[in-house]
Structure formats: structure tokens, C-alpha cells
Amino acid sequence: MLIRREIPADVDAIRAVVAAAFAPSPAEALLVDELRADPGWLPALSLVAVDPAGAVIGHVACTRAHVDDAPVLGLGPLSVHPDHHIRGVGSALVHAVLGAADALSEPLVVLLGNPAYYHRFGFVLSDQLGIRPPVPGWQPHFQVRTLAAYTPALRGDFTYAEPFSRV
């Protein structure tokens, strides 16, 4: 498996992987398409996992988000084709996107997900760092991973890229 940046030729394959990963709901695949068209899209943080034959088997993206007015990242969706579950693809994608975000001097990454899964990557519940989710009910699953550029003064209300509120 290789983790690399998304290229234009990957778009249809990414859509298929995301659709398969979240089937039967089409919302996540639509979200990726809408994020790609949004000013918050960060091409350097849209990564794919490819198998030895070059087929896309997983995808992750981080997009521009904010804590109050400060720029941060929102991670998601993370998608792995069901035929490749439990093989480390998702973990490899998360490690790669966190490393890429850190290399770009981003302060933190926020996501909504299963704490039991994301804890292994250093994510903690957002309330531990004073970051509030856009929907209070998300708190038990709303998590933050600080990076090297993080400062404790970064606290407040979190806002995802605009397509997250539509899809």
C-alpha cells in the first residue's frame, strides 16, 4: 500500500470508495465532492491509499475549519473500501494526514468520530482543550489532535468548512 496525494484522475475512484464505505447513504460521497469545490479544500491534505496495482482503496481529507477566527483543520471523511477493512489502511491514512498537516504548521485537527478508534492517534475529547462543537450533542464524539504549532490559547467555537453544514 502507498499513501499519496490525490490527483485529478483519482476523483471517480475516490467517490466509489467513499460510497462503498458509507453505503447505503450517499451523503459522504456527496460531501467529498462539495468539499472539493469549496474554498476550504486543501489539495495537499487530500490523500489516497493505493494497492500495489495502483487502485484507490482508501481516502482521507482535511479541510479548512476554524476555532473562532483561528484557522484549524477538520478531518473527514475517512473512507476505506470494505474489501480492505482491518488491514491498516485507515490507520495509515490518519497517520499520513496528521504528518502532512503538522508539516504545514497547522495547529490542530478536529473530527467527529469514535473515541475508541481515534484515541490511538492522540485525539482527545475537545472539551479537554476548550473547543466547543457546532452541535452540543456531538461532545461525546468530538475530538481534537494537537500538532506542533498548537498553543493553549486556541479555544472557542469550532466551525467546519461550509459544505459540512449542507450535506
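Caption draft 1: Representation of helix α1 (residues 11-22). Over its twelve residues, α1 extends 17 Å from the first C-alpha to the last, a length consistent with the 16 Å expected when each residue adds 1.5 Å. Inspection of α1 places Val11, Ile14, Val17 and Val18 among the buried residues, and these make up the whole buried set. For α1, the angular spread of the buried residues around the axis is 125°, confining them to a single face. The elements touched by buried residues of α1 are α2 (27-36), β2 (41-50), β3 (56-67) and β4 (70-80).

Caption draft 2: Seen up close, the packing of aromatic side chains. For the structure on display, the rule yields ten aromatic pairs. Relative to Phe142, the ring of Trp138 has its centre 6.2 Å away and its plane inclined at 35°; by these criteria the two rings are tilted. According to the relative accessible area criterion, Trp138 is partly exposed, its value standing at 27%. Relative to Tyr160, the ring of Phe142 has its centre 6.5 Å away and its plane inclined at 85°; by these criteria the two rings are edge-to-face. Taken together, the residues Phe142 in strand β8 (residues 142-146) and Tyr160 in the loop between β9 (156-159) and α5 (163-166) connect sequence positions 18 residues apart. Side by side, Phe142 and Tyr160 carry an identical accessibility label, which is buried. What links up through ring pairs into an aromatic cluster is the set Trp138, Phe142, Phe158, Tyr160 and Phe164.

The rules behind each value
- Residues numbered from 1 in each chain as written.
- Predicted model: local features only at pLDDT ≥ 70, side-chain atom pairs only at ≥ 80, totals over all residues.
- Heavy atoms only, no water.
- Helix = DSSP H or I, 4+ residues; strand = E, 2+ residues; numbered from the N terminus.
- Expected span 1.5 Å × (residues − 1).
- Buried < 20%, exposed > 50% of the residue type's maximum accessible area, 1.4 Å probe, protein only.
- Arc of directions from axis to C-beta.
- Contact = heavy atoms within 4.5 Å.
- Phe/Tyr/Trp six-rings, centres within 6.5 Å; stacked < 30°, edge-to-face > 60°.

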